[in-house]
Amino acid sequence: MVMKAIYVILFLIFAPFIGGLLDGIDRIISARMQRRKGPSIFQPFYDLGKLFSKEMIAVNNVQLLLNLSYLVILVIAGAMLFAGADLLMVLFILSTADMFLIMAASSDSSPYANMGASREMMQMMAYEPLTLLVAVGFYLTTGSFHVGTIIQQPVSAVLWMPGLLVGFMFTAAIKFRKSPFDLSTSHHAHQEMVKGITTEMSGTTLAIMNIAEYYEMVVILGIFFLFFVNSTWWSWIVALAICFVLFLMETLWDNISARLKWKTVLYGCWVVTLVAGGVNILILMLDK
Amino acid sequence: MAKVSKSPWLLHYDASSCNGCDIEVLDCLTPKYDIERFGIINTGDPFQADIFLITGGVNSQTESVVKQIYSQMPEPKVVVAVGICACTGGVFKECYNIKGGIDTVIPVDVYVPGCAARPEAIIDGVLKALKVLDAKQAALEAKGR
Ligand code: SF4
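Model, not experiment: these values are computed from the prediction.

Draft legend 1. Here's a closer look at the overall build of chain A. When its secondary structure is counted, chain A shows 11 helices and 0 strands. Its helices and strands taken in sequence order, chain A reads α-α-α-α-α-α-α-α-α-α-α from the N to the C terminus. The C-alpha radius of gyration computed for chain A amounts to 19 Å, which stays within 12% of the reference 19 Å derived for 288 residues, consistent with globular compactness. Dimensions of chain A along its principal axes, counting C-alpha atoms only, are 55 × 45 × 40 Å. Counting all 288 residues of chain A, 55% fall into the buried class. Put simply, chain A shows about 12,300 Å² of open surface, and 75% of that area lies on carbon and sulfur atoms.

Draft legend 2. Region of the structure containing the environment of R259 of chain A. All names here are of chain A. Within the secondary structure, R259 is located in the loop between α10 (234–256) and α11 (262–287). Residue classification places R259 among the partly exposed positions, given a relative accessible area of 37%. For R259 and V194, which are 65 residues apart along the polypeptide, the C-alpha to C-alpha distance reads 9.8 Å. Setting aside anything within four residues of it in sequence, one finds R259 in contact with S179, P180, D182, L183, S186 and V194.

Draft legend 3. How the structure looks around the pairing of strand β5 (residues 78–82) of chain B. All names here are of chain B. In terms of burial, β5 is largely enclosed, as 5 of its 5 residues are buried. Of the two faces of β5, both are covered, the one formed by V78, V80 and V82 as well as the one formed by V79 and A81. Inspection of the sheet shows strand β3 (residues 51–55) paired to β5 by 5 bridges, in the parallel sense. Bridge pairing in β5 links L53 to V80. Examined bridge by bridge, β5 and strand β7 (residues 110–112) share 3 bridges and lie parallel to one another. Bridging from a neighbouring strand, V82 pairs with V112 of β7.

Draft legend 4. View of the confidence of the model for chain A. Here chain A averages 86 in pLDDT, while 100% of its residues score no lower than 70. Of all helices and strands in chain A, the one with the weakest mean pLDDT is helix α8 (residues 192–195) of chain A (76), whereas helix α3 (residues 63–82) of chain A scores best (90).

Draft legend 5. View of the interface of chain A and chain B. In this assembly, 27 residues from chain A lie in contact with 27 residues from chain B. Of the roughly 2,300 Å² buried between chain A and chain B on both sides combined, carbon and sulfur atoms contribute 54%. When the area that chain A buries against chain B is broken down by residue, the three leading residues are K50, K54 and H190 of chain A, summing to 25%. Viewed at the interface, chain B and chain A are joined by 5 salt bridges.

Draft legend 6. Broad picture of the packing of helix α5 (residues 111–142) of chain A against helix α7 (residues 162–175) of chain A. All names here are of chain A. It is at 9 Å that the axes of α5 and α7 come closest, and there the two elements cross at 140°. The hand of the α5/α7 crossing is left-handed. From α5, Q123, Y127, L130, T131, L133, V134 and G137 reach across to α7, where they touch L164, G167, F168, T171, I174 and K175. Of the residues assigned to the contact of α5 with α7, the class counts are 7 nonpolar, 5 polar and 1 charged.

Draft legend 7. Geometry of the site of the ligand. All names here are of chain B. All residues adjacent to the ligand are S17, C18, G20, C21, G83, I84, C85, G114, C115 and A116. Of all the secondary-structure elements, those providing two or more residues to the shell around the ligand are α1 (20–27) and α3 (84–88). When its residues are assigned to classes, the shell around the ligand shows 6 nonpolar, 4 polar and no charged.

Draft legend 8. Highlighting the side chain of T204 of chain A. In this fold, T204 of chain A is placed in helix α9 (residues 203–228). Setting aside anything within four residues of it in sequence, one finds T204 of chain A in contact with L51, F52, M56 and L64 of chain A.

Draft legend 9. Local environment of the pairing of β3 of chain B. Residue and element names in this part refer to chain B. Extensive coverage of β3 is indicated by the burial of 5 of its 5 residues. Looking at chain direction, strand β1 (residues 9–14) and β3 are connected through 5 bridges and run parallel. Paired with L10 across the bridge in β3 is I51.

Draft legend 10. Layout of helix α2 (residues 63–72) of chain B. All names here are of chain B. Burial in α2 covers these residues: E63, V66, I69 and Y70. Along the axis of α2, the buried positions cluster into a sector of 135°, meaning they face one direction only. Buried residues in α2 make contact with β1, β3, β4 (58–59), β5 and β6 (98–100).

Cut-offs applied
Residues numbered from 1 in each chain as written. Chains lettered and ligands numbered in written order. Predicted model: local features only at pLDDT ≥ 70, side-chain atom pairs only at ≥ 80, totals over all residues. Heavy atoms only, no water. Helix = DSSP H or I, 4+ residues; strand = E, 2+ residues; numbered from the N terminus. Rg over C-alpha atoms; globule rule 2.2 N^0.38 Å. Buried < 20%, exposed > 50% of the residue type's maximum accessible area, 1.4 Å probe, protein only. Areas by Shrake-Rupley, 256 points an atom, 1.4 Å probe, with all protein chains shown as cover. Contact = heavy atoms within 4.5 Å. Pairing = 2+ DSSP bridges. pLDDT = per-residue confidence, 0-100. Buried area = accessible area lost by both parts, 1.4 Å probe. Salt bridge = Lys/Arg side-chain N within 4 Å of Asp/Glu carboxyl O. Axes fitted to C-alpha atoms, helices over the stretch in contact; angles between N-to-C directions. Left-handed = near helix turned anticlockwise from the far one by under 90°. Nonpolar A, V, L, I, M, F, W, Y, C, P; charged D, E, K, R; others polar. Near = heavy atom within 4 Å. Arc of directions from axis to C-beta.

In structure tokens form, the structure reads like this:
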């Protein structure tokens, strides 16, 4: 019980810092891949500080509130994951959080933000089936949805669910807003349609959305962690290292691919879900 | 208090430039000049911008646009006029539709001369603008207290 509380508190305090640092690393590595020098590793924190210090320009009364809800619900999902609660529940709450972001984006009158919101919704449709299959996969492999039980298996879950891991990498690329899946809003090229849902967000509102994204990053990496961890202590270190490598792979992916059309993303994701996820689940069902 | 000059986001608008200066502005983003090393992001969104960078003089059609973008940017903000056209009207000064430099419409903080302005000069101008930005932020905070 005490351990759980410690994990949750550590998550609440350090997740935004880890997310911010990862974002800084991501920006530097991207810059180096493009033969640029890139910003400081602490740039995301400078950005946050600046955003909070700017004059408030609100397009309406609800956007800030909706973004705050997005943040709070995400934090709840993360806290549940780190408390070792039900994985299925964590994933459901994660998608609920996203709904608030969509509402925040569609609450203003900018056509770009509204298009971004509908694209975000479409992205959810693309990755949601696979996310559920991942939860089912963990259940079939370990006999429980509980994160506390999943991490105490004699062998790592990934041995039984490599297909689902590949599928979840697609989900993560969408969630991290990495190219070729950054349809609703992108971290690069800050123009018009590419800006999408964040078009009308400024100052504090945007800062809150950024912090929420850092939390989300840590939650997604936490789920990756579940794939590799088992009851031995050294598997924790290995899992952490693999999570970092997976994150770097997403950066690489981001830099070498161009944005896809939404139909390609949707069908592509579903094909991956069906082939990698479905076959994996089928084998699990027959074998376990 | 976080300094705004650590993360200045830049909005580029072409008021009625011949595109010479615009290309030089885009040059600043290339690996050779890489303005992102100062934390600068080229954004297209006035709500999120701190620096308003304008090329070309103002004509009767872009006047309202320049004013609107300027009014949509949250304080503290600075305006950088890039190229002789943006500073004074340049070669187009006598044209029937040109009002003149950017400062005929909105207050300008930094003037970057040149036709076209060199990327080095633009970066220099933007960094000068950062100092103005910090001064403006300090003034705002002093007023707030
Ligand atoms: S200053 Fe020269 S290059 Fe720049 S917009 Fe004017 S004419 Fe074109």
